[in-house]
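Listed here are the chains, written in short residue letters.
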Amino acid sequence: MVVINSHRTTAIVVKNSHGRVTLVPMCSGRLSARTLAFGEFRAEWQETDYALPRALDSFLRHAAEQGATAAALRGLERLQTRDAYVPSLF
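Predicted model only: the values in this text are computed from it and were never measured.

Draft legend 1. Just helix H2 (residues 52-66), in detail. The end-to-end C-alpha distance of H2 is 20 Å, a good match for the 21 Å that 15 residues give at a rise of 1.5 Å each. For H2, the complete set of buried residues consists of Leu-52, Ala-55, Leu-56, Phe-59, Leu-60, His-62 and Ala-63. One face of H2 carries all of its buried residues, which in axial projection span an arc of 160°. Facing away from the buried side of H2 by over 90 degrees, the exposed positions are Pro-53, Arg-54, Ala-64 and Glu-65. Backbone geometry just downstream of H2 places Gly-67 in the positive-phi region, at approximately 100°.

Draft legend 2. Structural context of the pattern of salt bridges. Taken as a whole and assessed by the stated rule, the structure comprises one salt bridge. A salt bridge links Arg-34 to Glu-44, with the shortest nitrogen-to-oxygen separation between them at 3.3 Å. Taken together, the residues span a long stretch of sequence, with Arg-34 in strand E4 (residues 34-37) and Glu-44 in helix H1 (residues 38-44) at a distance of ten residues. The class of Arg-34 is partly exposed, set by a relative accessible area of 32%.

Draft legend 3. Layout of the sheet that holds strand E5 (residues 45-47). If you walk across this open sheet you meet the five strands as E4-E3-E2-E1-E5, and the pairing is antiparallel. The outermost strands of the open sheet, each flanked by one partner alone, are E4 and E5. Here the strands of the sheet are splayed against their neighbours by 40° on average, with no regard to which way each runs. Bridging between strand E2 (residues 10-17) and strand E3 (residues 20-25) involves six bridges; their strand directions are antiparallel. In the sheet register, Ala-11 faces E3, and the bridge partner there is Pro-25. Of the strands in this sheet, strand E1 (2-5), E2 and E3 touch H2, which is tilted by about 105° from E2.

Draft legend 4. Geometry of the environment of Glu-65. Residue position: Glu-65 is located in helix H2. Placed 23 residues apart in sequence, Glu-65 and Arg-42 show a C-alpha to C-alpha distance of 30 Å.

Draft legend 5. Structural detail: the pairing of E2. In the sheet, E1 pairs with E2 via three bridges, with the strands oriented antiparallel. Bridging from a neighbouring strand, Val-3 pairs with Ala-11 of E2. Taking the residues between adjacent antiparallel strands as the criterion, E1 and E2 are bridged by four residues, where Arg-8 takes a positive phi near 65°.

Draft legend 6. How the structure looks around unusual backbone geometry. Even without being a glycine, Arg-8 presents a positive backbone phi close to 65°. Within the secondary structure layout, Arg-8 lies in the loop between E1 and E2. The exposed category is assigned to Arg-8, whose relative accessible area is 68%.

Analysis parameters
- Residues numbered from 1 in each chain as written.
- Predicted model: local features only at pLDDT ≥ 70, side-chain atom pairs only at ≥ 80, totals over all residues.
- Heavy atoms only, no water.
- Helix = DSSP H or I, 4+ residues; strand = E, 2+ residues; numbered from the N terminus.
- Expected span 1.5 Å × (residues − 1).
- Buried < 20%, exposed > 50% of the residue type's maximum accessible area, 1.4 Å probe, protein only.
- Arc of directions from axis to C-beta.
- Salt bridge = Lys/Arg side-chain N within 4 Å of Asp/Glu carboxyl O.
- Pairing = 2+ DSSP bridges.
- Axes fitted to C-alpha atoms, helices over the stretch in contact; angles between N-to-C directions.
- Contact = heavy atoms within 4.5 Å.

The structure is reproduced here in structure tokens:
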């Protein structure tokens with residue numbers, strides 16, 4: 001899921017489990033994962049209609065150029081791998 005906050009920061013949600021949401025916000029420099037309580041996530045972030053594959057490509061390209069923490073890179077790559085095996089509905 002691609003989300004945006006009131007500061008116009010775009011992020012990709014890489015994990016949602018047990019009332020906690022882990023996302024990777026796009027920022028200058030090295031990307032890092034951030035974990036929030038579900039209520040805090042819902043209050044701060046809203047879903048966008050930006051295409052997930054396109055966002056993943058952009059985030060992974062940024063990570064290759066600027067770097068990323070292991071958690072952020074692992075989450076993005078896992079999401080990309082999962083989506084590669086989901087058959088098209090059309």
